[in-house]
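Examining the three-dimensional arrangement
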Amino acid sequence: MAQKAGKRDYRNRNRMYVVWIIIGGALLCFAYVAYGIASGGVIAFDDRITQWVYDHRTPLLNSIWIPITYLGNWQTVTLLGILLLICRGTRRNIGIPFAVISLSSTILYKVVKSVFERPRPDVAVRIIEQGGFSFPSGHSMNGIVCFGILIYLIRRYCRNRKLADGLTVFLIILITAIGFSRVYVGVHYPTDIMGGWSLGTAYLLTVICIFEKIRGKENDLQQNHGNYR
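Residues numbered from 1 in each chain as written. Predicted model: local features only at pLDDT ≥ 70, side-chain atom pairs only at ≥ 80, totals over all residues. Heavy atoms only, no water.

Bringing the overall build of the chain into the picture now. Within the chain, the regular secondary structure consists of eight helices and zero strands. For the chain, the succession of helices and strands along the chain, N to C, is α-α-α-α-α-α-α-α. Contacts in the chain between residues at least 24 apart in sequence constitute 79% of all its contacts with a sequence separation of at least 6. (Helix = DSSP H or I, 4+ residues; strand = E, 2+ residues; numbered from the N terminus. Contact = heavy atoms within 4.5 Å.)

The biggest cluster of nonpolar side chains holds 51 residues, and the ones touching the most others in it are Phe98, Phe147, Ile149, Leu150 and Leu171. If sequence neighbours within four positions are ignored, Leu171 has contacts with Phe147, Leu150, Ile151 and Ile154. (Core = buried A, V, L, I, M, F, W, Y, C linked by side-chain atoms within 4.5 Å. Buried < 20%, exposed > 50% of the residue type's maximum accessible area, 1.4 Å probe, protein only.)

Before going further, it helps to spend a moment on the packing of helix H5 (residues 88-116) against helix H6 (residues 138-157). Contact geometry of H5 with H6 gives a least axis separation of 9 Å together with a crossing angle of 160°. What the angle tells us is that H5 and H6 run roughly antiparallel. The hand of the H5/H6 crossing is right-handed. Note on element contacts: H6 touches H5 through Gly138, Met141, Asn142, Val145, Cys146, Ile149, Leu150, Leu153 and Tyr157, opposite Asn93, Ile94, Pro97, Phe98, Ile101, Ser102, Ser105, Thr106, Leu108, Tyr109 and Lys113. (Axes fitted to C-alpha atoms, helices over the stretch in contact; angles between N-to-C directions. Parallel < 35°, antiparallel > 145°, perpendicular 65-115°, else oblique. Left-handed = near helix turned anticlockwise from the far one by under 90°.)

Attention now moves to helix H2 (residues 43-55). Relative to the 18 Å expected for 13 residues at 1.5 Å per residue, H2 spans 18 Å between its end C-alpha atoms, a close match to the ideal helical length. For H2, the set of buried residues is Asp46, Thr50, Val53 and Tyr54. The arc that holds the buried residues of H2, viewed along the axis, is 95°, so those residues lie on one side. With respect to the buried face of H2, the exposed residues turned more than 90 degrees away are Arg48, Trp52 and Asp55. (Expected span 1.5 Å × (residues − 1). Arc of directions from axis to C-beta.)

When the terminal C-alpha atoms of helix H7 (residues 161-184) are compared, their 34 Å separation across 24 residues agrees well with the 34 Å that a helix rising 1.5 Å per residue should span. What H7 keeps buried is the set Ala164, Thr168, Leu171, Leu174, Ile175, Ala177, Ile178, Gly179, Ser181, Arg182, Val183 and Tyr184. Where H7 begins, the side chain of Asn160 points an oxygen toward the backbone nitrogen of Lys162, at a separation of 3.2 Å. Downstream of H7 by one or two residues, Gly186 has phi in the positive range, about 85°. (Polar contact = N/O pair within 3.5 Å; in protein donor to acceptor, adjacent residues only side chain to side chain.)

Our next topic: the environment of Ile128. Of note, Ile128 is situated in the loop between H5 and H6. Taking the C-alpha atoms as reference, Ile128 lies 6.3 Å from Val185; in sequence the two are 57 residues apart. The contact partners of Ile128, leaving out residues within four places of it in the chain, are Ile66, Thr69, Tyr70, Arg182, Val185 and Val187.

Let's shift gears to the packing of aromatic side chains. A complete count under the given rule lists seven aromatic pairs for this structure. Judged by centre distance (6.2 Å) and plane angle (85°), the rings of Phe30 and Phe116 are edge-to-face. Of this pair, Phe30 sits in helix H1 (residues 2-39) while Phe116 sits in helix H5, placing them 86 residues apart in sequence. Taking relative accessible area as the criterion, Phe30 reaches 11% and is therefore assigned buried. Measuring from ring centre to ring centre gives 6.4 Å for Phe180 and Tyr184, while their planes differ by 40°; the resulting arrangement is tilted. Note that Phe180 and Tyr184 are positioned in helix H7 at a spacing of four residues, about one turn of the helix. Residue classification places Phe180 among the partly exposed residues on the basis of a relative accessible area of 31%. (Phe/Tyr/Trp six-rings, centres within 6.5 Å; stacked < 30°, edge-to-face > 60°.)

Right, let's talk about the environment of Gln75 for a bit. For Gln75, the position within the fold is in helix H4 (residues 74-86). We classify Gln75 as partly exposed; its relative accessible area is 41%. Side-chain polar atoms of Gln75 contact the side chain of Trp74, separated by 3.4 Å.

Attention shifts here to unusual backbone geometry. Residue Pro136 is bonded to the preceding Phe135 through a cis peptide linkage, with omega at -10°. Its location among the elements puts Pro136 in the loop between H5 and H6. The backbone of Glu117 sits at a positive phi, close to 50°, despite the residue not being glycine. Structurally, Glu117 is set in the loop between H5 and H6.

Evaluated as defined, the whole model comprises four salt bridges. We note a salt bridge from Arg155 to Asp165, for which the minimum N-O separation is 2.9 Å. In this pair, Arg155 is assigned in helix H6 and Asp165 in helix H7, connecting sequence segments ten residues apart. Taking the relative accessible area as the measure of exposure, Arg155 reaches 34% and is therefore partly exposed. Put simply, Arg156 and Glu212 hold a salt bridge, and the shortest N to O gap is 2.3 Å. Of this pair, Arg156 sits in helix H6 while Glu212 sits in helix H8 (residues 190-228); the two residues are 56 residues apart in sequence, bridging distant segments of the chain. Given the relative accessible area of 30%, Arg156 is considered partly exposed. Salt bridges sharing common partners tie together Asp46, Arg118 and Asp192. (Salt bridge = Lys/Arg side-chain N within 4 Å of Asp/Glu carboxyl O.)

Below is the structure:
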């Protein structure tokens, strides 16, 4: 039994090392993109991609990508959080963590936006109205944090594995689609999306590490309590 516990602890430590390496890489990616924006080194990159996207706009695609971009709005995330909190079966394990992390993610990206104050693309290229600053993309960051933590919680607590797998694939596609949609509708540059995803990844994995640490302590307390009974 002790040998199995030792092997499990070893695997957990190795997994945490990998997670922290990914967090460090995501933060380096964010820093690199932020430096490129501050120095003006990403202008040509952004221009090439955005022009290609704008050239492929059609009324049909507009009817697809505009609704998708609204799925990343704070209103959508708030509504989802309320539904998860109302439902007794998801309130404790999913609803409360989702609500807390969604709120903190929104606060974080708003603070970072106010630091960089990057203007959005010109109004002439936008097909929806959007205020505020451009970097990092709040929709992209919130998408990867909010829907990412939802993936984590679903896979942790959902007993129906087929349902968990299906929701995981759907949410990953949704995260990607929301990011692309922000460029398509003309309210963000590609590097805004990269910044949102990289900062969001670092924040999401940090939160998951905290969850795992708390869960580990709770398990230890339960085991100790059982030993003393």
